[in-house]
Amino acid sequence: MTVIDEGRHMITKSTVDRLIRFDGGGLPVLSMYVTLGYDGLDAIRTRLNSLITEIRPLTRDPSFDRRAQLSLRRDIERIEGESGLGQGTIGAVAVFSCSEGDLFEVVTLPRAVRDRIVVDQTPYVRPMLAVLDEYHRACVLLVDRESAQAWELYQKELREIGKVQGRTLRKPDYGGWAGFAEHGVRNKADDLTKRHFRQTAALLGEIFRTRDYDLLIIGGQHEEVAVFLDFLPHQLRRKVAGTFNLDMDKATTEDIRESAGRVIADFEREQERRLAQEIFESAAAGGNAALGIDDCLWGGTIAAINTLLIQDDAEVPGVVCDESGWLARSGETCPLCGGPTRQTPDVLNDLAETVIDEGGLVEHVTADTPLKTVTTAAALRFSLPPRP
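Notes on the structure follow. Keep in mind that what you see is a predicted model, and the values were worked out from it rather than measured. (Residues numbered from 1 in each chain as written. Predicted model: local features only at pLDDT ≥ 70, side-chain atom pairs only at ≥ 80, totals over all residues. Heavy atoms only, no water.)

**Considerations on the overall build of the protein chain**
Each helix and strand in the protein chain was counted, giving ten helices and 17 strands. Within the protein chain, the fraction of its 388 residues that count as buried is 49%. Once local pairs closer than 6 in sequence are excluded, the contacts in the protein chain between residues at least 24 apart make up 68%. Taken as a whole, the protein chain presents about 18600 Å² of accessible surface, with 48% of it coming from carbon and sulfur. (Helix = DSSP H or I, 4+ residues; strand = E, 2+ residues; numbered from the N terminus. Buried < 20%, exposed > 50% of the residue type's maximum accessible area, 1.4 Å probe, protein only. Contact = heavy atoms within 4.5 Å. Areas by Shrake-Rupley, 256 points an atom, 1.4 Å probe, with all protein chains shown as cover.)

As structure tokens, this is what we get:
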């Protein structure tokens, strides 16, 4: 499949899927990641040149045929000619290029990643997968007894998507004849609050019916949020990732973004810990689970992996057989088909791509879990047969 993209865009799952399926026919694919901030163009250009210097000798590498050398040379020239690469971006930029395969794609990432440049037969997408793990598409609701506002939060971008303004009464501590007026006002205020919360819950239900959100995050005064949660139907309660305390009258957009972002980060770390615990407990009980690089590579080879955990930023050189799909840390000959293998700078990238291709889930783990000791772990569709 050929990918042609002259512009730049934010990372999406479809972007990663498209890159994973790119087939350059054995031509080299240049993948580059550069973290950006408030550096000037000169500083960015210096770092780009430093990365390119690492792979420039490959344009004369005798192991590459003439067409591959020329393709890589054009890739470098194309990147060097992008004078505004990364300009106006805070986070990182990823570039994928295979000139002879009609691929040139620039993707902006919402957070920093490690600077790196990789030349392989497939795009190096693992840093993008790690970023996608962290950025769930969330609906953020800020609510009080009289009003509510809903926002969409994705990759640090916040936009308003709905609003509810309920009726208001005089203060409920307003006095009256012998206290009876006060009692009536309180009851009416409670009725209006309940009606407002039901309207707000209905708005959320409509939002989730028409938009694909992974999480629901609710902010406001703790006591009011606690009451509102009781008005959510079961299907929405299951989407709640957490709550935060914020005064709706004083909250700024940045306050909402930061508060919701912390909830998402805590949710993601807890999800990582839960997945790791489940897989390690399954392995200890003799269930369908694999721990360690070699067993996970074998599991990926035979499409046995349902969920793969990879310690974030781990890299393992290895080999791939493009004929049989064999993945391993070493070996010049594939034990499945007898054909030659090719070396890859990070076989975990190939493993992640394989798992996704087979309909599995890949999670990059940054939380403190036992995964640190084994690098990879997997929940399996079936138990692993002996490796050949």
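**Side note on the environment of aspartate 350**
As for its placement among the helices and strands, aspartate 350 is situated in helix 10 (residues 347-357). Assessed through its relative accessible area of 4%, aspartate 350 is described here as buried. Setting aside anything within four residues of it in sequence, one finds aspartate 350 in contact with Asp120, Thr122, Val320, Leu327, Arg342 and Thr344. Of the polar contacts made by the side chain of aspartate 350, one reaches the side chain of threonine 344; its length is 3.0 Å. (Polar contact = N/O pair within 3.5 Å; in protein donor to acceptor, adjacent residues only side chain to side chain.)

**A word on the environment of cysteine 98**
The residue cysteine 98 is located in strand 3 (residues 91-98) in this model. Each C-alpha atom of the pair cysteine 98 and isoleucine 76 lies 9.8 Å from the other, and the pair is 22 residues apart in sequence. Excluding residues that lie within four positions of it along the chain, cysteine 98 makes contacts with Phe22, Leu27, Pro28, Val29, Ser71, Asp75 and Leu103.

**Some points on the sheet that holds strand 7 (residues 147-154)**
Strands sit in the order 8-7-6-9-10 across an open sheet of five strands; the sheet is mixed. This sheet does not close on itself; its edge strands, each paired only once, are strand 8 (157-165) and strand 10 (240-245). Within the sheet, the average angular offset between the axes of one strand and its neighbour, ignoring direction, is 20°. As defined by bridge partners, strand 6 (residues 138-143) adjoins strand 7 across six bridges and the pair is classed as antiparallel. Directly across from valine 143, in strand 7, lies its bridge partner alanine 148. Set on the sheet, helix 6 (residues 222-229) makes contact with strand 6, strand 9 (215-220) and strand 10; between it and strand 9 the angle comes to about 140°. (Pairing = 2+ DSSP bridges. Axes fitted to C-alpha atoms, helices over the stretch in contact; angles between N-to-C directions.)

**Regarding the packing of helix 9 (residues 293-301) against helix 10**
Between helix 9 and helix 10, whose axes approach to 9 Å, the crossing angle comes to 40°. Looking at the two axes, helix 9 sits oblique to helix 10. As for how helix 9 packs across helix 10, the hand of that crossing is left-handed. Together, Cys296, Leu297 and Gly300 of helix 9 and Val347, Leu351 and Thr354 of helix 10 make up the contact between the two elements. (Parallel < 35°, antiparallel > 145°, perpendicular 65-115°, else oblique. Left-handed = near helix turned anticlockwise from the far one by under 90°.)

**Points about the pairing of strand 5 (residues 116-120)**
Along any regular strand the residues' side chains alternate between the sheet's two faces. Within strand 5, five of the five residues are buried, which leaves the element mostly enclosed by the surrounding structure. Side chains of strand 5 alternate between two faces, with Arg116, Val118 and Asp120 and Ile117 and Val119 buried alike. Two strands pair when backbone bridges link them, and strand 2 (residues 29-36) and strand 5 are joined in this way by five bridges, in the antiparallel orientation. Note that in strand 5 the partner of methionine 32 across the bridge is isoleucine 117.

**Quick word on helix 8 (residues 253-284)**
Structurally, the α-helix is built with 3.6 residues per turn, so residues lying three or four positions apart point the same way. The end-to-end C-alpha separation of helix 8 is 47 Å, in line with the 46 Å expected for 32 residues at 1.5 Å each. In the segment just after helix 8, glycine 286 is the residue with positive phi, at about 80°. (Expected span 1.5 Å × (residues − 1).)

**Focus: the pattern of salt bridges**
Going through the model one piece at a time under the given rule, you end up with 28 salt bridges. A salt bridge links glutamate 206 to arginine 209, with the shortest nitrogen-to-oxygen separation between them at 3.0 Å. Of the two residues, glutamate 206 and arginine 209 both sit in helix 5 (residues 180-210), three residues apart, roughly one turn of that helix. Judged by relative accessible area, which is 40%, glutamate 206 ranks as partly exposed. Of the charged contacts, one joins lysine 372 and aspartate 368 as a salt bridge, the two residues approaching to 3.5 Å between their closest N and O atoms. One salt-bridge network, in which partners are shared between bridges, spans Arg114, Arg116, Asp313 and Glu315. (Salt bridge = Lys/Arg side-chain N within 4 Å of Asp/Glu carboxyl O.)

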